[in-house]
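Each chain, written out:
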Amino acid sequence: MRVPMTEYLYIDLSTEQWVCRPCGHNLGDARGSYKEGTLVFDRDPREIHPPIIDPEKYEFTFSPDPAYCRILEYCCPKCGTQMETEYLPPGHPPTIDMIWDIDALRTQWEERGEDPELVVDYGPGENAVTDMRSTHEGHHNHSHR
Amino acid sequence: MTLTTNDTGNAQGILSTQEQQWVDKFMDETTLFLGPDPEIMRSHQIHERTAYEDECIAKGVSPLETDRIRKRLAGSLDEAFEMCESMGAAPGAKWADLSVAVYTAEGDVTYLSNRGVIAFSAVLHHPIRYIMKNWKDEPTVGINPGDGFFHNDSRYGMVHNTDQSMLVPVMRDGQIIAWVGATIHEGENGACEPGGMPSGSETPFDDGLRASPIKIVEGGHLRRDLLTFLQHSTRDPKLMLADIKVKMGAVRRVIESVDRIIEEVGQEAFVAALRVTVENVEAEVRRRIKELPDGTVTFNQFMDSTLKENILIKFACKITVKGDRLIVDLTGTGPEILNRAINSPLGSTKAFMTQAILSYWWPDLPRSTGALSPIEVISEEHSWADAGYDAPVGQSLQGSFRGFSALQTAYAKLQFSAPKKYSNVIAPWFNQINDFLWGGTTQHGEQVGNLCADLNGMGGGAKAFRDGEDAVAPLFCAMADIAEQEVMEEEVPFLQLVSKRLVRDNQGFGKYRGGMGYEMIVASRGTPNWGFMTVTSGSKFSSITGMFGGYGCPAYPLSIVKGINIYDIIRKDPSQFDLSIERIMNEQPYEGGSYQSAHMGLQFDVAKEGELYMISQGSGGGYGDVLERDPELVAADLQLDRISAQVATDLYAVVWNPETFVVDVQATEAARVEARKRRIARGTPFREFIKEFVTEEPPADLLYYGSWGQDNDEEVFATHWGGQEPQRVKGKLSEIPLVMIPDRRVLKIEAQNKRIRELEAKYGETVVHKS
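Rules behind the numbers
In this convention, every chain numbers its residues from 1, walking through the sequence in written order. All chains are assigned letters beginning at A, and all ligands numbers beginning at 1, according to the order in which they are written. Local features in this predicted model are restricted to residues whose pLDDT is 70 or higher, and side-chain atom pairs enter the listing and the counts only when it is 80 or higher, whereas totals over whole chains, interfaces and linings include all residues. Secondary structure follows DSSP: runs of H or I at least 4 residues long count as helices, runs of E at least 2 residues long count as strands, and numbering of each begins at the N terminus. Radius of gyration means the value over C-alpha atoms here, while the globule rule gives 2.2 Å times the residue count to the 0.38 power. Whether a residue is buried, exposed or partly exposed follows from its count of other C-beta atoms within 10 Å of its own C-beta, namely 20 or more, 12 or fewer, or something in between, respectively; the C-beta atoms are built from the backbone. Here a strand pair is declared whenever DSSP counts at least two bridges between the two strands. Each axis is a line fitted through C-alpha atoms, taken for helices only over the stretch in contact, and angles between the N-to-C directions span 0 to 180 degrees. We call two residues in contact when the distance between their C-beta atoms, placed using the backbone, is within 7 Å. When residues are grouped by polarity, Ala, Val, Leu, Ile, Met, Phe, Trp, Tyr, Cys and Pro land in nonpolar, Asp, Glu, Lys and Arg in charged, and all others, Gly among them, in polar. Domain borders in the structure are assigned automatically or taken from a domain database.

**What to know about the overall build of chain A**
- Scanning chain A from terminus to terminus reveals 3 helices and 8 strands.
- Along the chain direction, N to C, the helices and strands of chain A fall in the order β-β-β-β-β-α-β-β-β-α-α.
- By the compact-globule yardstick of 15 Å for 145 residues, chain A is too spread out, its C-alpha radius of gyration being 19 Å.
- Along the first, second and third principal axes, the C-alpha atoms of chain A reach 60 × 35 × 25 Å.
- For chain A, the residues scored as buried account for 46% of the 145 residues in total.

Right, here's the structure in full:
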C-alpha cells in the first residue's frame, strides 16, 4: 500500500520506503527524512528572483540577498523532479520537515480499509479531484471518479 | 502570646501557615496594580463549565434548536458587522477589518460574524476573563446592565494595539449570562508614529494607547470624562468618538436579537446553546486532528528586519500530531528585542494560529474559542513570538503573522494524505503588511493617522490545481476590500499615481504560480504637513516559501525619490506621467531627484509635495515543480508581461515565438528534458551536501537570533551590545543577556568618525577633536 504524502512523494508501507511518485525511485527509509535520498543544490536566490531595479545602483532590488538567504533545491536523483525548495540562511542545517510514525500510519490506513492512491485528492471541489496513482506506471493526473 | 516553631517558620525563611496567611491578606488588601494576569493571558483553553451552564444543559439540549439559535445569532452578527462596516469612521472598518461576536458568560467566543477577522475569536476571552476576575466584584467598577467595556492593549488580549473593542454583558436578574462584543481595527492610537502600528516604537510607551479593560459606558451612557481622555490620547478625536458609538450601536442590535431569542426559547436553552457550541467545536477539532497522520512537521521562518535594521530572527515551529493531540512547539524562536517593535504577545501569536485553523484548515467550523482550545502550544516567555510585559509590541504583526504562516504552511504536509479534507492543498499565502501608513494634516484641516487599504491586497498561495489569485485578500480576512482609491483621495492629501498595476516577475513560481502583488506609487499634495511609513520585513529574505518544489515570493524594497515635485513635472510635460518603480528607479528620469532604495521599515518620513514613495504588494507561494507548468500558461503570462523572457527560459524552460507567443511544444519538451538532466548533474547527494553547506554557527557578520538547525532548539543564538562592539552569545532563552540594539544612526556616525581618523592619520593631518 502506498500513501501519497506530498505532491511528489509516497510512503510505501510494505517496503517502508519513501518513493518518488513521478518515477518510482526509492528515496530511503520512510521512518527518516526523504531528503536523505535527494540531490541538493544551493541556489543563489538572485537567479530565481531576478532584480527588478538595477543592482549596480541599489542595495534592495526585489532579489533576496544571497548573504542572508539561500534557496536549497531538492530533486529526485533518477527523474530530476524538484520535490521541495527551502529558503535558508547560508550554512543553516536543512530542515527535517517531515517525520512520520509509520506504524500509526499503517494502522490508520488498515482501519480505513481503502486504497490511499484512490481516495486521496486535493480537498473539496470538483477541480481538486486528482489521480494519485504513480504517473510512471502509465497513469495520468486527471479525474478518475 | 507564645509562638511555636510552626508559627514562626524556620531559619531558612520558609513561612509558617500563619505567616503565609498574613502575607496573603496583606497582598489582597494592598494591590498596587492589576496588570495582565499570566493565569489568564497564557491560557487559550475554553473555560470549564459553570454550575449554571451545567444546570442549563441538564435540562436537555435539542440539536435542532441549538442549530436554529446559532443560525439566528450568525444572521444577527452579520447584520451588526455590516453596520460597523457601513458606519465606521476607521478606514479599517470600511474594508472589513473588524468582527462582532457573542460570548459565553465566562468569555469564550461562541460565534463570530462570518465576515471579518477570525483571529479575534482566539483573543477576546482574555479581557472578559480579566473583567470577570477583577471588576465584577470591585465596588468602584462592577458590572451592570447597560455597561460597556473598552480596551485596546494586546497585553490584556487583543490582536494588536490598533484594535479597539466594546464588550457588553447580557444580564438577567443581576447575573451575566453572555457577552456581546464588537472590535474594529481603528488605526490611530496615539503611538509614537501615526496610524497605530508604529515600526519605530522602542518602548511599550511608544506603542500608544494602553487601555486595559475600562468601563467606558455606564448604564447605557457614554462616560464623557473617559471618552475625553481617550480622545486626548490619540491624534484623531473624531474617529474615537464616532467608532465607540458605532460599536455600541452594533452591539445593541445584536443584544436586541439575543433578547428576542431568549424570549422565544428561554434563557436556559440560550445559555446551553452557547456552551455546547464551544464544546462541540472543541470536540470536532479533536476528531479532525485524529484524521491526520501521526508525526512531526517542522517549518522554520527567518525574518530579516527589526524594521530599523536588517537582522535574521527565527520563528521556529514543530507541529506534532499524536492521536487526537496536536502540539505546536515554538522552542528555538529568537529572543524578544527590547527596543524594537516586532515583538508579539503570545495571545496575539495564538490568535493568528487560530486564523490559519479557521480559514485555511477547517473554514467550515463556527468561529469559536473551541477551535484552538484542544491544541497544545509550547512557548517560553521572552521570545519575539511570546513577548514579556516590558517589550514594545507596536508592530507585533511581524511576530504574530509568522504564527499564521507556521500553521498555514505546515498544514499542506499535515493534511496531504488525509482522505477527507476540509480545505484545498495550498501553498503559503503572502504574510506581510506591504502598505503605506500615513499621517498629518488633511486638505480639510483635520489631524489624522491611518493606513491604505492596499494592506488587503495580499497575493494568494497557489493551489495544487490552479494558480493563486492576484491581490485577493489579506491572510486575516477572506472578504476584505482594497477600497476605491478615489474615495480615499477625497479624505486624505495624497494621490496614488500608480495603483494596482502588477509588477513583472513578482511571483512565487511553480507548476501553479502564486497570486501576484501590485505596485503603489504615492505622493502628497495640498497639505502643510504629511508623512508616510512602511512597516514590513522581507527586503533581503523572502518572507514566504513555496510548496512541494515551488518557489516563494521575491524580496520587496522601498523606493523613494526625494527632492522633486512630480506634479510640477507632469504639469510641464504630461508625457512624464509614465510611472513604474522599474522605470523611475532604473532610468532616474527626473533631474535633481535623489533616488533611494531601502528596506521596508520606514519610520514616519516627512513627505514634501510631489516626492515619490513606491512599494509593491507581495506574491503568494508557488506550488510544484516549475518544469511541470503548462507551457501555455507560461506563454499567457509572458504575453501579459507578468513574467520576463528570462524567467520563461531559465526557470520554466519554455520555447516560444516572441512575436506570436505560440509555444514550440517539441523544443519545450527537449528543453525540459535537458533542464532535468542539469539538475541531476549539479545536485549533490544530501549527506555530502550537508558536509559542504552546514556551518556550526551563523555567519559571523549576520545579526542572527534563534536556534541554528533543529537538533538543539533549546540553545539560541543572539547578538547583544554589552560593550562597545556587538557580541554573539548562545544559550538558553532564559540565560542570554537582554537584547537592545543601538541606534543605527549612532553606529553610522561612529563608523564615519573612525574613518575620518584613519584618513587624518593617513594624510598626516592633526585635528583636535573635542567631545
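**Points about the sheet that holds strand S19 (residues 558-562) of chain B**
All names here are of chain B.
- If you trace the 5 strands from one edge of the open sheet to the other, you get S16-S17-S22-S19-S20, paired in antiparallel fashion. If you trace the sheet from one side to the other, it starts and ends with strand S16 (494-502) and strand S20 (594-598), each paired once. Strand after strand, the sheet turns through a mean of 15° between neighbouring axes, direction not considered.
- Strand direction decides the pairing type here: S19 and strand S22 (residues 612-616), joined by 3 bridges, are antiparallel. Across the sheet, residue Ile560 finds its bridge partner in S22, namely Tyr613.

**What about the interface of chain B and chain A?**
- Counting residues at the interface gives 74 residues for chain B and 67 residues for chain A.
- Sorting the residues of the side of chain B that touches chain A by element identifies strand S8 (295-298), strand S9 (301-305), helix H15 (581-587), S20, helix H17 (645-650), helix H18 (665-682), strand S23 (684-685) and helix H19 (686-693) of chain B as the ones contributing at least two each.
- With 5 residues, the top contributor of residues to the side of chain B that touches chain A is H18 of chain B.
- Of the residues in the side of chain B that touches chain A, the class split is 35 nonpolar, 26 polar and 13 charged.
- Sheet analysis places strand S5 (residues 39-43) of chain A next to S23 of chain B, joined by 2 bridges and oriented antiparallel.

**A look at the pairing of S8 of chain B**
- A two-sided burial pattern is seen for S8 of chain B, the buried positions comprising Gly295 and Val297 of chain B on one face and Thr296 and Thr298 of chain B on the other.
- Judged from the 3 bridges that link them, strand S8 (residues 98-100) of chain A and S8 of chain B form a sheet pairing that is antiparallel. Bridge assignment links Ile99 of chain A to a residue of S8 of chain B, and that residue is Thr296 of chain B.
- Across 4 bridges, S8 of chain B lies against strand S11 (residues 318-322) of chain B in antiparallel orientation. Counted as the bridge partner of Thr296 of chain B is Thr320 of chain B from S11 of chain B.

**Examining the environment of Met614 of chain B**
All names here are of chain B.
- Along the chain, Met614 falls in strand S22.
- It is 27 Å that separates the C-alpha atoms of Met614 and Phe404, two residues lying 210 residues apart in sequence.
- Ignoring any residue separated from it by four or fewer positions in sequence, one finds Met614 in contact with Glu519, Ile521, Ser559, Ile581 and Ile584.

**Description of the domain arrangement of chain B**
Residues and elements named next belong to chain B.
- Along its sequence, chain B is organised into domain 1 (50-281) and domain 2 (431-455 + 467-504 + 515-624).
- For domain 1 versus domain 2, the separation of C-alpha centres amounts to 33 Å.
- In this complex, domain 1 contributes 19 residues to the contact, which on the side of domain 2 involves 20 residues.
- Tallied by class, residues from the side of domain 1 that touches domain 2 come to 7 nonpolar, 5 polar and 7 charged.

**Some thoughts on the sheet that holds strand S21 (residues 601-606) of chain B**
Residues and elements named next belong to chain B.
- Here we have 4 strands laid out as an open sheet, ordered S15-S14-S18-S21, and antiparallel in their pairing. If you trace the sheet from one side to the other, it starts and ends with strand S15 (447-451) and S21, each paired once. For this sheet the average axis-to-axis angle between neighbouring strands, irrespective of direction, equals 10°.
- Here strand S14 (residues 437-441) pairs with S15 via 5 bridges, running antiparallel. Its bridge partner being in S15, Gly440 is matched across the sheet by Val448.

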